[in-house]
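So you can see what is in the structure, the chains are spelled out below.
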Amino acid sequence: MTVTNAMRERAKRLHTFYALRNKFKAVEESEKDLDSMTKAQISEFGASIGVTLSMSLTKSVMIETLKATDEFAQSELKRKYYDNLGLHGDPIV
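These notes cover the structure that comes with them. Note that the coordinates shown come from a computational prediction; the quantities given were computed from them, not determined experimentally.

How each quantity is defined
- Residues numbered from 1 in each chain as written.
- Predicted model: local features only at pLDDT ≥ 70, side-chain atom pairs only at ≥ 80, totals over all residues.
- Heavy atoms only, no water.
- Helix = DSSP H or I, 4+ residues; strand = E, 2+ residues; numbered from the N terminus.
- Buried < 20%, exposed > 50% of the residue type's maximum accessible area, 1.4 Å probe, protein only.
- Areas by Shrake-Rupley, 256 points an atom, 1.4 Å probe, with all protein chains shown as cover.
- Salt bridge = Lys/Arg side-chain N within 4 Å of Asp/Glu carboxyl O.
- Arc of directions from axis to C-beta.
- Contact = heavy atoms within 4.5 Å.
- Phe/Tyr/Trp six-rings, centres within 6.5 Å; stacked < 30°, edge-to-face > 60°.

1. Some details on the overall build of the protein chain
A count of helical and extended segments in the protein chain gives four helices and zero strands. Starting at the N terminus and ending at the C terminus, the protein chain contains elements arranged as α-α-α-α. Across the 93 residues that make up the protein chain, the buried fraction comes to 20%. Split by element, the accessible area of the protein chain, about 7,100 Å² in all, is 57% carbon and sulfur.

What follows is the structure, encoded as structure tokens:
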């Protein structure tokens, strides 16, 4: 069987498709790891996206409260978008 240019091109496209699919899947499954952060770090992160959290809350309540906000959802979408582009964090504009 002879390998044609069309077959090579199809194999290249399939390889690219599967590589991108795996990358998107990994980013989609990830989420900012709030559990590993301290309460102060969670509060600081919340403030950075426009959410004020009381330090009197338990860490688990802080995380639940933060995850329930639109600001957190938007920040996660933005982070995943930049991760998919191979960037980490906001690009410098």
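There is more to say after this.
2. Digging into the pattern of salt bridges
Enumeration according to the criterion identifies two salt bridges in this entry. In this structure, Glu9 engages Lys12 in a salt bridge whose closest nitrogen and oxygen atoms are separated by 4.0 Å. Within this pair, Glu9 and its partner Lys12 are both found in helix α1 (residues 5-29), separated by three residues, close to a single helical turn. Judged by its relative accessible area of 52%, Lys12 falls in the exposed class. A salt bridge links Arg79 to Glu76, with the nearest nitrogen and oxygen atoms 2.9 Å apart. Of the two residues, Arg79 and Glu76 both sit in helix α4 (residues 70-84), three residues apart, roughly one turn of that helix.

3. Quick word on helix α3 (residues 59-67)
All of the buried residues in α3 are Met62, Ile63 and Leu66. Angular distribution of buried residues about the axis of α3 spans 95 degrees; they occupy a single face of the element. Where α3 is buried, its residues touch α2 (39-48) and α4.

4. Remarks on the packing of aromatic side chains
Counted according to the given criterion, the structure contains two aromatic pairs. With centroids separated by 6.3 Å and ring planes inclined at 85 degrees, the aromatic side chains of Phe45 and Phe72 adopt a geometry described as edge-to-face. Pair noted here: Phe45 is in helix α2 and Phe72 is in helix α4, with a separation of 27 residues, a long-range link. Take Phe45: its relative accessible area is 14%, and that puts it in the buried class. With a centroid separation of 5.4 Å and an interplanar angle of 65 degrees, the aromatic rings of Tyr81 and Tyr82 are classed as edge-to-face. Overall, the relative accessible area of 16% leaves Tyr82 in the buried class.

The quantities given are spatial measurements derived from coordinates; they are silent on function.
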